[in-house]
Amino acid sequence: MLSPRDKLIVALDFPDVAQARAMVELLGDIVEFYKIGMELAYGGGFALVPELHHARKKVFLDLKLHDIGNTVEKATAQIARLGVRFLTVHAFPQTLAAAKRGSEGSALQVLGVTVLTSYDDQDLAAAGYRFDVKGLVALRAFQARDAGVAGLILSPDEVATTRALIGDNLLLVTPGVRPAGAAPGDQKRIATPSEALKRGADYLVVGRPVLASVDPRAAALAIQHEIAEACTAAVGQ
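Residues numbered from 1 in each chain as written. Predicted model: local features only at pLDDT ≥ 70, side-chain atom pairs only at ≥ 80, totals over all residues. Heavy atoms only, no water.

Draft legend 1. Just the side chain of Thr 88, in detail. With respect to the secondary-structure elements, Thr 88 resides in strand β4 (residues 86-90). Within the local environment of Thr 88, its side chain forms a polar contact with the side chain of Asp 62, the two groups lying 2.6 Å apart. Among residues more than four places away in sequence, those in contact with Thr 88 are Phe 60, Leu 61, Asp 62, Leu 63, Lys 64, Leu 65, Leu 111, Val 113 and Ile 153. (Helix = DSSP H or I, 4+ residues; strand = E, 2+ residues; numbered from the N terminus. Polar contact = N/O pair within 3.5 Å; in protein donor to acceptor, adjacent residues only side chain to side chain. Contact = heavy atoms within 4.5 Å.)

Printed below as a string of structure tokens:
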């Protein structure tokens, strides 16, 4: 069973390694799991991966790969050699299958991105989709299960429905998590940490509420405390 500390993934949303490294040092042993997204990755963030490993931290590369199958498969195989825990790809069937092939024989776990948390039904319609958010997430969940990948990225809004559809077959990782009273920013589908966990999330990805806090250590500890209370309540039910 995951500990509250394991369930919190802090997003290192910085433009360069120096700022990301400083935040990791500030948070110290409070946080065990970090996400490196596209901004940091393309700003030299791959060099931070071995440093995080040396500090006994787990790493999530949020690159949202999506290309022809051969390219995704080979890129995933390269990423698997870095020893990171999670990698994201867009949850299209061919992309999921290719990433699964590329991860074979490694400890890398592939997560399919369903619908970005900055999208709503109108955004999907404008992009040409015939599904609403809930319908598309459900479709992607079944496709990810069939492809054999480890899990999904989805907003807290869809967690309960998805958990009911696929049971415990997939890890559910939720961005769009905001402590009560925090600004939503550019996210349209959000929930508090306890709400996301009660709906069935396995991991919570949190960036700005920690990074932009006047006291990031206190912010991370407060979120972990909320996670611990939610986990205790779930065990007691």
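This is not the end of the story, as more comes after the structure.
Draft legend 2. Region of interest: the sheet that holds strand β6 (residues 151-153). In spatial order, the strands read β1-β2-β3-β4-β5-β6-β7-β8; together these eight strands close into a barrel with parallel pairing. Within this sheet the neighbouring strands show an average axis-to-axis angle of 25°, counted without direction. Across two bridges, the pairing between strand β1 (residues 8-11) and strand β2 (residues 33-36) is parallel. Its bridge partner being in β2, Ala 11 is matched across the sheet by Lys 35. (Pairing = 2+ DSSP bridges. Axes fitted to C-alpha atoms, helices over the stretch in contact; angles between N-to-C directions.)

Draft legend 3. Expanded view of the pattern of salt bridges. Scanning the entire structure with this criterion turns up ten salt bridges. Between Glu 73 and Arg 101 there is a salt bridge, and its shortest N-O distance comes to 3.0 Å. Highlighted residues: Glu 73 in helix α5 (residues 69-80) and Arg 101 in helix α6 (residues 93-103), separated in sequence by 28 residues. Ionic contacts of the salt-bridge type, sharing partners, join the residues Lys 35, Asp 62 and Lys 64 into one network. (Salt bridge = Lys/Arg side-chain N within 4 Å of Asp/Glu carboxyl O.)

That's the geometry; what it means functionally is another story.
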